[in-house]
Amino acid sequence: MLSKRLEQLADYLQEPIYFADIGSDHAYLPCYVCARHENATAIAGEVNQGPFERAKQTVREQGLGDRIEVRKGNGLEVIREEEEVNQITIAGMGGKLIRTILEEGKSKLSGVSRLILQPNIDGPIVRKWLIEHQYQIVAEDIISEDGYIYEIIVSDYRNAPIELSGREQLFGPYLLKKKSNVFYEKWFNEKEKRMKLINQMNQATDLPIEKIKKLEIEMEWIEEVIG
Ligand code: SAM
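Cut-offs applied
- Residues numbered from 1 in each chain as written.
- Predicted model: local features only at pLDDT ≥ 70, side-chain atom pairs only at ≥ 80, totals over all residues.
- Helix = DSSP H or I, 4+ residues; strand = E, 2+ residues; numbered from the N terminus.
- Buried ≥ 20, exposed ≤ 12 C-beta atoms within 10 Å, placed from the backbone.
- Contact = placed C-beta atoms within 7 Å.
- Core = buried A, V, L, I, M, F, W, Y, C linked by C-beta atoms within 7 Å.
- Arc of directions from axis to C-beta.
- Domains from an automatic or database assignment.
- Nonpolar A, V, L, I, M, F, W, Y, C, P; charged D, E, K, R; others polar.
- Expected span 1.5 Å × (residues − 1).
- Near = placed C-beta within 6 Å.

Focus: the overall build of the chain
Alright, step 1. Along the backbone of the chain there are nine helices and seven strands.
Alright, step 2. The principal-axis extents of the C-alpha atoms in the chain amount to approximately 60 × 40 × 35 Å.
Alright, step 3. For the chain, buried positions account for 34% of its 227 residues.
Alright, step 4. Long-range pairs, those at least 24 residues apart, make up 68% of the contacts in the chain with a sequence separation of at least 6.

See below:
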């Protein structure tokens, strides 16, 4: 059975679906999507041999080899220029790694209208990259599963400048509007983390003043938002 996290992510793919799932591991997501959409095609990209083999095995077992190609490679290099990939999913990694994959693979994004991203941490880094590259956030989710909280960020390419305030980058524009229970849970924990960090930093002999300032501003925003 697919995780709630990946099911929710799959719901954001728009027909016609020609997508690349980067860091696909077992290729569960491409298999789930292609089993439900008879015209969908996918590339399952994996950089590591173990997950690459696992992905090939799942695709074989599910008899989806005619519509899912499993390719080994780093990030977006598995997408060949001439191919029609209209959407990309990247899930289950840190925001910094997602940013690196997007940045290094920028040349492969020309036909990609939608990016569906699920950073495990560092969502603001992903949002910043998106707005700097004219991808507008069009939906977000925050879910709790197996003791972890996950954010899903859906963005569409717009040929126009996009702006997000500092608060929107930190909390996520849609998550901030909705303020679900899971959102409160996340930001309560984040507030505690920041309080501890500020205390630790204040005890350092060489005070990291800029870092402390940034954390203090974020603390103010968190207090305003969750009370
Ligand atoms: N996407 C699946 C999910 O959300 O359940 C699997 C997530 S798993 C934690 C992360 C996967 O990304 C691993 O299988 C890892 O090998 C792969 N990965 C890490 N860096 C990668 C990169 N630069 N390019 C492609 N795959 C990568």
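Here's the deal with the nonpolar core
Alright, step 1. In this structure, Ala20, Ala27, Ala42, Ala44, Val59, Ile68 and Ile88 are the most contacted members of the largest nonpolar core, which totals 46 residues.
Alright, step 2. For this core, the element with the highest residue contribution is helix H2 (residues 28-36), accounting for five residues.
Alright, step 3. In this structure, Ile142, Leu170, Phe171 and Phe183 belong to the second largest nonpolar core, which totals six residues.

A closer look at helix H4 (residues 95-104)
Alright, step 1. Along H4, the residues classified as buried are Gly95, Ile98, Arg99, Ile101 and Leu102. Buried residues of H4, seen end-on, are gathered within an arc of 160° and therefore sit on one face of the element.
Alright, step 2. For H4, the elements touching its buried residues are strand E1 (18-22), strand E4 (87-93), strand E5 (114-119) and helix H5 (123-132).

Some thoughts on the domain arrangement of the chain
Alright, step 1. Looking at the assigned domains, one finds that the chain contains domain 1 (4-169) and domain 2 (182-226).
Alright, step 2. In this structure, domain 1 and domain 2 have C-alpha centres spaced 30 Å apart.
Alright, step 3. With five residues of domain 1 at the contact, the number on the domain 2 side is five residues.
Alright, step 4. Considering every element that reaches the side of domain 1 that touches domain 2, the biggest residue donor is strand E6 (residues 135-145), with three residues.
Alright, step 5. Residues that form the side of domain 1 that touches domain 2 fall into these classes: three nonpolar, one polar and one charged.

Some thoughts on helix H8 (residues 181-203)
Alright, step 1. When the terminal C-alpha atoms of H8 are compared, their 34 Å separation across 23 residues agrees well with the 33 Å that a helix rising 1.5 Å per residue should span.
Alright, step 2. Here H8 has its buried residues at Phe183, Lys186 and Trp187.
Alright, step 3. Those residues of H8 hidden inside the fold are in contact with E6, strand E7 (148-157), helix H7 (173-178) and helix H9 (209-226).

A closer look at the site of the ligand
Alright, step 1. If you check the shell around the ligand, you find 17 residues, and the closest are Gly23, Asp25, Pro51, Ala91 and Gly92.
Alright, step 2. Elements represented by at least two residues in the shell around the ligand include exactly strand E2 (41-46), E4 and H4.
Alright, step 3. With three residues, the single largest contributor to the shell around the ligand is E4.
Alright, step 4. A per-class count over the shell around the ligand returns eight nonpolar, seven polar and two charged.

Overview of the environment of glutamine 57
Alright, step 1. Take glutamine 57: it is sitting in helix H3 (residues 49-61).
Alright, step 2. It is 8.9 Å that separates the C-alpha atoms of glutamine 57 and alanine 27, two residues lying 30 residues apart in sequence.

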